[in-house]
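Chain by chain, the residues:
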Amino acid sequence: MKGAGGRFAAGWFGFLLLSALVSPLLFSAASAMDASALLDGPSLRHWFGTDSLGRDLLLRVLCGTGVSLSVGLVSVGISVVVGTAVGAEAGYFGG
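What you see is a predicted model; the values in this text were computed from it and never measured. (Residues numbered from 1 in each chain as written. Predicted model: local features only at pLDDT ≥ 70, side-chain atom pairs only at ≥ 80, totals over all residues. Heavy atoms only, no water.)

Draft legend 1. The overall build of the protein, seen in detail. Helix and strand counts for the protein come out as 2 helices and 0 strands. For the protein, the C-alpha radius of gyration of 20 Å lies well beyond 12 Å, the compact-globule estimate for 95 residues. Viewed in the frame of its principal axes, the protein has a C-alpha envelope of about 70 × 35 × 20 Å. Out of the 95 residues in the protein, the part that is buried amounts to 20%. Of the roughly 6,900 Å² that the protein leaves accessible, carbon and sulfur atoms contribute 74%. (Helix = DSSP H or I, 4+ residues; strand = E, 2+ residues; numbered from the N terminus. Rg over C-alpha atoms; globule rule 2.2 N^0.38 Å. Buried < 20%, exposed > 50% of the residue type's maximum accessible area, 1.4 Å probe, protein only. Areas by Shrake-Rupley, 256 points an atom, 1.4 Å probe, with all protein chains shown as cover.)

Draft legend 2. Representation of a nonpolar patch on the surface within the structure. A cluster of nonpolar residues, Phe-13, Leu-17, Leu-18, Leu-21, Val-22, Leu-25 and Leu-73, forms a patch on the protein surface that exposes about 700 Å² of accessible area. Counting residues per element, the nonpolar patch draws most heavily on helix α1 (residues 4-30), at 6 residues. With respect to the helices and strands, Leu-21 occurs in helix α1. (Patch = residues over 30% accessible without salt bridge, like charges linked within 9 Å, V, L, I, M, F, W, Y side chains within 5 Å. Salt bridge = Lys/Arg side-chain N within 4 Å of Asp/Glu carboxyl O.)

Draft legend 3. Seen up close, the environment of Val-81. Residue position: Val-81 is located in helix α2 (residues 57-93). Using a relative accessible area of 58% as the deciding quantity, one classes Val-81 as exposed. Between the alpha carbons of Val-81 and Thr-50 there is a distance of 41 Å; along the sequence they are 31 residues apart.

Draft legend 4. View of the pattern of salt bridges. Applying the stated rule across the entire model yields 2 salt bridges. Notably, a salt bridge pairs Asp-34 with Arg-45, separated by 3.5 Å at the nearest N-O pair. Of this pair, Asp-34 sits in the loop between α1 and α2 while Arg-45 is found in the loop between α1 and α2, placing the two residues 11 residues apart along the sequence. Residue classification places Arg-45 among the exposed residues on the basis of a relative accessible area of 61%. For Asp-51, the salt bridge identified is with Arg-55, shortest N-O distance 2.9 Å.

Draft legend 5. Just the environment of Gly-54, in detail. For Gly-54, the location among the structural elements is in the loop between α1 and α2. Along the sequence, Gly-54 and Asp-34 sit 20 residues apart, while their C-alpha atoms lie 4.6 Å from each other. Residues within four places of Gly-54 in sequence aside, it is in contact with Ala-32, Met-33, Asp-34, Ala-37 and Leu-38. (Contact = heavy atoms within 4.5 Å.)

Here you go:
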């Protein structure tokens with residue numbers, strides 16, 4: 001099973017990316033309040049349960065995935081640019 005960890009990580013990232021792309025379609029359902037389902041526990045209808053306003057927690061987590069991925073990718077991009085610039089300068093000027 002050589003490389004199973006890398007395949008798992010790539011699959012997980014693909015799932016997160018897919019959920020981030022699909023989540024805007026689910027956003028209206030995630031913000032819908034259901035007064036009959038206040039603070040319900042996990043069930044087949046609401047896998048993560050509901051919050052104090054009756055909103056589905058799984059849909060809300062999936063909607064937050066896009067924002068989290070955007071912040072992560074932007075921060076990695078900034079660190080790559082700054083790190084490359086500092087490393088190139090250190091290599092050119094010798095230290």
